[in-house]
Amino acid sequence: MPEAKGICERRLALLAGVRRVVVKVGSAVIASEGQLRPDVIRRLADDVVTLQNGGCEVVMVVSGAVAGGFCALGMLQPPSTVVARQAAACIGQYKMMATFADAFAVHGREVAQLLMTEDDIENRRRFISARHTLQQLIGSGIISIINENDPLADDENKIGDNDHLSALVANLISAQLLVVLSSVPGVYRNGGTDVIPEVDVGSSVDEHVTDQMSASGVGGMIAKVSAAHLASEWGIPTIVCDGEKPSLLPEILNGGREGTLFVPRRSQLSSRKQWIAFRTKSRGILHVDAGARKALVERCASLLPSGIVKVDGRFSMGSRVDIADEQGNVFAVGLASYAAQEVRLMQGKSPKDYETVLGYKYVNEIVDRDDMVVLRDSVPEITRRG
């Protein structure tokens, strides 16, 4: 079958070198009839640890709080009202985390829970804070388990909706792949049982997608396809597949044909970096010495305080700043990890001096490489301070 062979080869090429993955787990996968499914969660933990042992970093976005908590409220089916869903989530979240913690403990792994909302990612300050927190957890080998902050959600359409959040998280941590584990094996062709193996994002798949939602969730296939399209905007491929199949994640990373692969559009810059470069205004300028400039441009390094010689402007953590050489030529832009006054105190110093000078250390980098865009051409209109 030449077509099947071509699809497998394309998958292998697209997924080769993937080292950071977001795994989104649907409610229907880990909960049934108001009860969590420890056996499925244990299998997921086995898969995630296998990926980790192979050198892959994994962050999980997990639904199931509502599905795992509504029975404790004396209900026979998932509630539809906002307050009842929020109450069920309060109960289900700790049960879900305890079950995941037990499953990973078998492998000697620790887990961390992060409750997030879309606002946490759209707000630049909280974006930076969440990014650094997750980077620290990832670097420490901790399994981060993220869930929409359902008990405090003020949008009834978002309670339990983690598909959209998973795409945002994939961008937040600069993931190279998003895997959406569902109760179905992928996107069906024309409403039948034949799974579409591959979709080029931007092509029409509307006729293959139904608006049916799972009994315990709020997503359905439309939400999953929407998440895949959003991830594509940042150049991240997405695979929607059956979450109940054992050893699924390792098989996917080895180029297996499981599920439906959404192939992203090609772009020189991710949408997030386009936003950094073009859609925001700089609030200050960091002037750096020749050595720092060379490191940023030629070695793709992050900006450390030791390379900064002057700070202009007033800006807060998470603000966009211009990065200029000692002659004032702007050659990069990025998001600051510290406020202007803190950078002034630290300029020219080593990262080991943070606690002495500031009384604390947040991160080593003044501007992390993943939050920076080096400007290849002179584009003065994007470097004006607002």
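Residues numbered from 1 in each chain as written. Predicted model: local features only at pLDDT ≥ 70, side-chain atom pairs only at ≥ 80, totals over all residues. Heavy atoms only, no water.

A.B. asks: Help me understand the sheet that holds strand β1 (residues 20-25) in this model?
C.D. replies: What the 8 strands build is an open sheet, ordered β5-β6-β4-β1-β7-β9-β10-β8; its pairing is mixed. The sheet is open, and its two edges are formed by β5 (111-116) and β8 (198-200), each paired on a single side. Across this sheet, the average inter-strand angle for adjacent strands is 20 degrees, counted without regard to direction. Here strand β4 (residues 57-62) pairs with strand β6 (residues 143-148) via 3 bridges, running parallel. Along β6, the bridge assignment pairs Val 61 with Ile 146. Along the sheet, helix α4 (residues 82-105) contacts β4, β5 and β6; its crossing angle with β5, the most-contacted strand, is approximately 150 degrees. (Pairing = 2+ DSSP bridges. Helix = DSSP H or I, 4+ residues; strand = E, 2+ residues; numbered from the N terminus. Axes fitted to C-alpha atoms, helices over the stretch in contact; angles between N-to-C directions. Contact = heavy atoms within 4.5 Å.)

A.B. asks: Hey, could you run me through the sheet that holds strand β15 (residues 372-374) in this one?
C.D. replies: One open sheet accounts for 5 strands, arranged β12-β11-β13-β14-β15; its pairing is mixed. Pairing within the sheet leaves two strands with one partner each, and these edge strands are β12 (308-313) and β15. Going from strand to strand, the sheet's axes swing by 20 degrees on average, the running direction of each strand aside. Of the pairings in the sheet, the one linking strand β13 (residues 320-324) to strand β14 (residues 330-335) comprises 5 bridges and is antiparallel in character. Each bridged residue has a counterpart across the sheet, and for Ile 323 the counterpart in β14 is Ala 332.

A.B. asks: Looking at this structure, how should I read the side chain of Arg 20?
C.D. replies: Considering the arrangement of structural elements, one finds Arg 20 in strand β1. Ignoring sequence-local partners within four residues, the contact set of Arg 20 consists of Cys 56, Glu 57, Gln 135, Ile 138, Ile 173, Ser 174, Ala 175, Gln 176 and Leu 177.

A.B. asks: Sorry, what's going on with the environment of Ile 196 here?
C.D. replies: Checked against the element boundaries, Ile 196 lands in the loop between β7 (177-182) and β8. On the basis of relative accessibility, which here comes to 6%, the residue Ile 196 falls in the buried class. The spatial distance from the C-alpha of Ile 196 to the C-alpha of Pro 185 is 9.7 Å, given a sequence separation of 11 residues. (Buried < 20%, exposed > 50% of the residue type's maximum accessible area, 1.4 Å probe, protein only.)

A.B. asks: So what exactly am I meant to see when it comes to the side chain of Arg 320 here?
C.D. replies: In this structure, Arg 320 sits in strand β13. Only 2.7 Å separates the side chain of Arg 320 from the side chain of Ser 282, close enough to count as a polar contact. (Polar contact = N/O pair within 3.5 Å; in protein donor to acceptor, adjacent residues only side chain to side chain.)

A.B. asks: What am I meant to see in helix α3 (residues 38-53) here?
C.D. replies: Given 3.6 residues per helical turn, the α-helix brings residues three or four places apart onto the same face. The end-to-end C-alpha separation of α3 is 22 Å, in line with the 22 Å expected for 16 residues at 1.5 Å each. For α3, the set of buried residues is Val 40, Ile 41, Leu 44, Ala 45, Asp 47, Val 48, Val 49, Leu 51 and Gln 52. Looking one or two residues past α3, Gly 55 carries a phi angle of roughly 95 degrees, positive in sign. (Expected span 1.5 Å × (residues − 1).)

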